[in-house]
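Observations on chain architecture
Spelled out, the chains give:
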Amino acid sequence: MISIDFINTYLLSVVVFSLLLNFALSIYGIFYRPHYIKKIIALTVLSDTANTFAIYIGYRRWASGGNTNPRPPVIPTTEITPGVLSEFVARSVDPLPQALVLTAVVIGLAVTIFLVFLGHQLFNHYKTLDMRRIKKLKG
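Right, let's walk through the structure included here. These numbers were taken from a predicted model, which means no experiment stands behind them.

**Structural notes on the overall build of the chain**
A count of helical and extended segments in the chain gives five helices and zero strands. Of the regular secondary structure in the chain, the N- to C-terminal order runs α-α-α-α-α. Buried positions account for 19% of the 139 residues belonging to the chain. Total accessible area computed for the chain in this model is approximately 10,500 Å², and 71% of it derives from carbon and sulfur atoms.

**Things to note about helix α1 (residues 4-32)**
Across its 29 residues, α1 extends 42 Å between first and last C-alpha, which sits within 8% of the 42 Å expected from 1.5 Å per residue. For α1, the set of buried residues is Leu 19, Ser 26, Gly 29 and Ile 30.

**What to know about a nonpolar patch on the surface**
A cluster of nonpolar side chains, namely Ile 2, Ile 4, Phe 6, Ile 7, Tyr 10, Leu 11 and Val 14, defines an oily patch on the protein surface of about 690 Å² accessible area. Within the fold, Tyr 10 resides in helix α1.

**Structural notes on the environment of Thr 52**
Considering the arrangement of structural elements, one finds Thr 52 in helix α2 (residues 36-57). On the basis of relative accessibility, which here comes to 36%, the residue Thr 52 falls in the partly exposed class. It is 9.7 Å that separates the C-alpha atoms of Thr 52 and Val 15, two residues lying 37 residues apart in sequence. Of note is the side chain of Thr 52, whose polar atom sits 2.8 Å from the backbone oxygen of Asp 48.

**Observations regarding unusual backbone geometry**
Unusually for a residue other than glycine, Lys 127 sits at a positive phi of about 65 degrees. Checked against the element boundaries, Lys 127 lands in the loop between α4 (95-126) and α5 (131-138). For Lys 127, a relative accessible area of 59% corresponds to the exposed category.

**A few points about the pattern of salt bridges**
This structure, assessed with the given rule, holds one salt bridge. Between Arg 132 and Asp 130 there is a salt bridge; the shortest N-O distance is 3.4 Å. When its relative accessible area of 53% is taken as the criterion, Arg 132 is described as exposed. Its relative accessible area of 13% is what places Asp 130 among the buried residues.

Each value, and the rule that gives it
Residues numbered from 1 in each chain as written. Predicted model: local features only at pLDDT ≥ 70, side-chain atom pairs only at ≥ 80, totals over all residues. Heavy atoms only, no water. Helix = DSSP H or I, 4+ residues; strand = E, 2+ residues; numbered from the N terminus. Buried < 20%, exposed > 50% of the residue type's maximum accessible area, 1.4 Å probe, protein only. Areas by Shrake-Rupley, 256 points an atom, 1.4 Å probe, with all protein chains shown as cover. Expected span 1.5 Å × (residues − 1). Patch = residues over 30% accessible without salt bridge, like charges linked within 9 Å, V, L, I, M, F, W, Y side chains within 5 Å. Salt bridge = Lys/Arg side-chain N within 4 Å of Asp/Glu carboxyl O. Polar contact = N/O pair within 3.5 Å; in protein donor to acceptor, adjacent residues only side chain to side chain.

Distances and angles like these do not, on their own, reveal function.
As structure tokens, then:
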């Protein structure tokens, strides 16, 4: 029978591989696709992939050690002893990556809106969003 640790390790490896593939494809889209909208989409995918990496870094499994019954960390409501506090700290998730991702999502949305507005202005001025044609028209 396959152990739960093997399944968790396999699934997390698939997630890392998928994120690396997303990262590579989005970099390709940003630098090698000539259409402006495709560049914006690739930049958005890159931003989402970076945010997912940050969440992945902050991930912590609930089961620690040989515990076969994983349970989420619960804030102690009774007497706080050093043992209870150390167990809570060992099983709780770091909130810093979550806060950074929340900030990055808001900034990413603002940048995407700015780039869409810039694309609208490019189309109004050059009547195309193909970067190769804009380069020829500009020069």
